[in-house]
Structure formats: C-alpha cells, structure tokens
Amino acid sequence: MLNAIDMHCHFNHGAPHDTKTNELYLCDNDFLKAERKRMGVLAMATSSFSSVLSNQEVYEENEYLYKLAQEDPFIYQWVVVDPRNEKTFEQARYMLKSEKALGLKMHPAYHGYKIMEYADKLFAFANDLGCFLLTHPENEIESSRLADKYPDMKLINAHLGIVEHVIAMENSKYGNVYTDTSGSLSYRNNVLEYAVKRVGSDKIFFGTDTYSCAFQRGRVEFADISSEDKENIFYKNAVRCFPQLQKLFKQ
Ligand SMILES: [Zn+2]
C-alpha cells in the first residue's frame, strides 16, 4: 500500500459551528486519525469545521488548531483567513512561521463573500508570504487567471470535479495553480483520469474533505493512471511542495 498524506481535512471538537454528525458520519480527530492510519495515511492537513462553516470564530479556531498541531505529529494546519478580519491576517503571518502550518485557507461560500471581491487582497497576502492558499473554489477560471499576477503564491482550487479545475491549471502562466481530490465529486468515473491526461499529476494533491478516506484512497489507487501518477498524488507532490513533510517518512 502506498503511503499518503491527506491534504484537505476538517474536524469537530465541540465548537459552536461544528458540522452535524450522527452514527453514520463522524468528524472528531480520534476517529479521523484511526481511519487514516488504517489506510497508510501518515498525516492530515486540516482546519476545524467551525472555522470554515462560519466567520464568527475564525481567530479562536485557528488558535485552537495551532496548539493542537504543535502537540500532535499527525496534524498539520491550514490557517483560515477572512479577508474582512484583519486579525486573521496578523495571526496567519506568525502562524506560518511554524512548520506545522502549511498555508492559508479561505472559504468564500460559507464565510459569505464572493471570491472575486477579495481575491486580489488574499492573493497579494499569500504572494507576500510566498505560501499556498487553499480555497473552496468559485469562478475557477477567472480567479486562477488572477494568480498570474502573483507568481509567488500557490493557489489550490479544492475539490477536483469539473472541467474548470483542469482549465485553470492548464491556463496558469507560472504553474502556480493546483487542485486536490477532496470532496464528493471524485465519484465521477473519469474525472481524475481526465485531469491527469490533460495536465499531468504534479499539481494534484490527495485530500478527503473528511468524506470516507477509504472511498478517496480507492478512487486514486484504482484510477486508470500510472503508478508514478498515483505516487505524485498520494504524497510526492505534498513532500515536494512542503519539504517539512519529508520527516513523516523517516519515522
Ligand atoms: Zn474544505
């Protein structure tokens, strides 16, 4: 079994805006870690549900996760920024000095703004830090075109599932547009194959978005792509882009 790194996760921890769960769908970190460890997943890069489903506790939720990530070798952080909340920018600036924080995360849909209203501001900030910015996608082609203005930032349009994800990567002038496999749209039976065929595998990260890890692992493992492509997606791209992840393979 190939090892993997889950680059897109969320979790509940008894916070005000946890996602709804029941016996059939669980989101606490103990469950998520055990599930991933069974499947050769070495770490998860995450942000709390409460920090992305609402704009009310972004700062506090980032603080919570920052401490957790420092203590838990399995957990890496996406620092959530809200473009209307300057405190989250200052916070991200210091948190990204830690190797446990991989980059920034934005969620226009649940935070209640349009990506194109604030893309310039967020991309400029990420460019200044030279970091990755993981976004819930919206206007993939238009927003990714803006990434041409900011060659030092790297944009991840999450949830590969539509042709626009692929076009956005293909159009990218500096190759700084990426995607991940997370979310439910990978049920489409040729989506990953189509993307790899058209733009290759080195801009695609493995991620679950906290849907069944078994589903997502199987989707990549049994995809009609080469074993080199599978390695790229499962962990090699992540390690190349985030060299601090290399240590996961030396334990
Ligand atoms: Zn997400």
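Residues numbered from 1 in each chain as written. Predicted model: local features only at pLDDT ≥ 70, side-chain atom pairs only at ≥ 80, totals over all residues. Heavy atoms only, no water.

## A look at the side chain of Ser48
So, step 1. Tracing the sequence through the fold places Ser48 in strand β2 (residues 41–48).
So, step 2. Residue classification places Ser48 among the buried residues on the basis of a relative accessible area of 1%.
So, step 3. Other than its neighbours up to four places away in sequence, Ser48 contacts His10, Phe11, His13, Glu61 and Leu65. (Helix = DSSP H or I, 4+ residues; strand = E, 2+ residues; numbered from the N terminus. Buried < 20%, exposed > 50% of the residue type's maximum accessible area, 1.4 Å probe, protein only. Contact = heavy atoms within 4.5 Å.)

## Some words on the packing of helix α3 (residues 58–71) against helix α4 (residues 86–95)
So, step 1. α4 packs onto α3 with a crossing angle of 15 degrees between their chain directions and a minimal axis gap of 10 Å. One element, α3, and the other, α4, form an angle in the roughly parallel class. In terms of crossing hand, the pair formed by α3 and α4 is left-handed. Listed contacts from α4 to Val58, Tyr59, Asn62, Glu63 and Tyr66 of α3 are Lys87, Thr88, Gln91, Tyr94 and Met95.
So, step 2. Across the contact of α3 with α4, the residue classes tally to five nonpolar, three polar and two charged. (Axes fitted to C-alpha atoms, helices over the stretch in contact; angles between N-to-C directions. Parallel < 35°, antiparallel > 145°, perpendicular 65-115°, else oblique. Left-handed = near helix turned anticlockwise from the far one by under 90°. Nonpolar A, V, L, I, M, F, W, Y, C, P; charged D, E, K, R; others polar.)

## Considerations on the pattern of salt bridges
So, step 1. The final tally for this structure, using the stated rule, is twelve salt bridges.
So, step 2. Lys33 serves as the salt-bridge partner of Asp72, at 2.6 Å between the closest nitrogen and oxygen. Of this pair, Asp72 sits in the loop between α3 and β3 (75–80) while Lys33 sits in helix α1 (residues 29–37), placing them 39 residues apart in sequence. We note that Asp72, like Lys33, is buried. (Salt bridge = Lys/Arg side-chain N within 4 Å of Asp/Glu carboxyl O.)

## Description of the packing of helix α10 (residues 213–221) against helix α11 (residues 227–241)
So, step 1. Interaxial distance between α10 and α11 falls to 9 Å at its minimum, and their mutual angle equals 150 degrees. Contacts between α10 and α11 involve Arg217, Val220 and Glu221 on the former and, on the latter, Lys230, Ile233 and Phe234.
So, step 2. Partitioned by chemical class, the residues of the contact of α10 with α11 number three nonpolar, no polar and three charged.

## Some thoughts on the sheet that holds strand β1 (residues 4–11)
So, step 1. Spatially, β1-β2-β3-β4-β5-β6-β7-β8 is the arrangement adopted by the eight strands of the open sheet, whose pairing is parallel. A strand with exactly one partner marks an edge of an open sheet, and here the two such strands are β1 and β8 (204–205).
So, step 2. Bridge count for strand β5 (residues 132–135) against strand β6 (residues 154–157) is four bridges, and the pairing is parallel. Across the sheet, residue Thr135 finds its bridge partner in β6, namely Asn157. (Pairing = 2+ DSSP bridges.)

## Overview of the coordination of the zinc ion
So, step 1. Every protein donor of the zinc ion is accounted for by His8 (NE2), His10 (NE2) and Lys105 (NZ), and the metal-donor separations fall at 2.1 to 2.6 Å.
So, step 2. On the primary sequence, the residues serving as donors to the zinc ion are separated as H-x1-H-x94-K.
So, step 3. A relative accessible area of 1% places His8 in the buried class. (Donors = N, O, S within 2.8 Å, 3.2 Å for Na, K, Ca; no water.)

## Some points on the environment of Leu96
So, step 1. With respect to the helices and strands, the residue Leu96 is situated in the loop between α4 and β4 (101–106).
So, step 2. As a C-alpha pair, Leu96 and Trp78 span 18 residues in sequence and 9.1 Å in three-dimensional space.
So, step 3. Excluding residues within four positions of it along the chain, Leu96 makes contact with Val79, Ala101, Leu102, Gly103, Leu104, Leu129 and Cys131.

## Observations regarding the environment of Ile115
So, step 1. Its location among the elements puts Ile115 in helix α6 (residues 115–129).
So, step 2. Sequence-wise, Ile115 and Glu142 are 27 residues apart; in three dimensions their C-alpha atoms are separated by 9.9 Å.
So, step 3. In this structure, Ile115 is in contact with Met106, Pro108, Thr135, Glu138, Asn139 and Ser143, ignoring residues within four places of it in sequence.

## What to know about unusual backbone geometry
So, step 1. The backbone of Asp209 sits at a positive phi, close to 60 degrees, despite the residue not being glycine.
So, step 2. Among the secondary structure elements, Asp209 is positioned in the loop between β8 and α10.
So, step 3. According to the relative accessible area criterion, Asp209 is buried, its value standing at 14%.
So, step 4. A positive phi is found at Thr210, a non-glycine position, where the angle reads about 75 degrees.

## What about the packing of aromatic side chains?
So, step 1. Within the structure shown, the criterion is met by 13 aromatic pairs.
So, step 2. When the ring of Tyr66 is compared with that of Tyr94, the centres are 6.0 Å apart and the planes differ by 80 degrees; the resulting orientation is edge-to-face. You can see Tyr66 sitting in helix α3 and its partner Tyr94 sitting in helix α4, a full 28 residues away along the chain.
So, step 3. Their ring planes at 10 degrees and their centres at 5.5 Å tell us that Tyr178 and Phe205 sit as a pair that is stacked. Taken together, the positions of Tyr178 in strand β7 (residues 177–180) and Phe205 in strand β8 put the pair 27 residues apart, joining distant regions of the chain.
So, step 4. Among the aromatic residues, those joined into a cluster by ring pairs are Trp78, Phe132, Tyr178, Phe205 and Phe242.
So, step 5. Positioned above the aromatic ring of Tyr76 is the side chain of Lys100, whose terminal nitrogen or guanidinium carbon lies 4.6 Å from the ring centre. (Phe/Tyr/Trp six-rings, centres within 6.5 Å; stacked < 30°, edge-to-face > 60°. Lys NZ or Arg CZ within 6 Å of the ring centre and 35° of its normal.)

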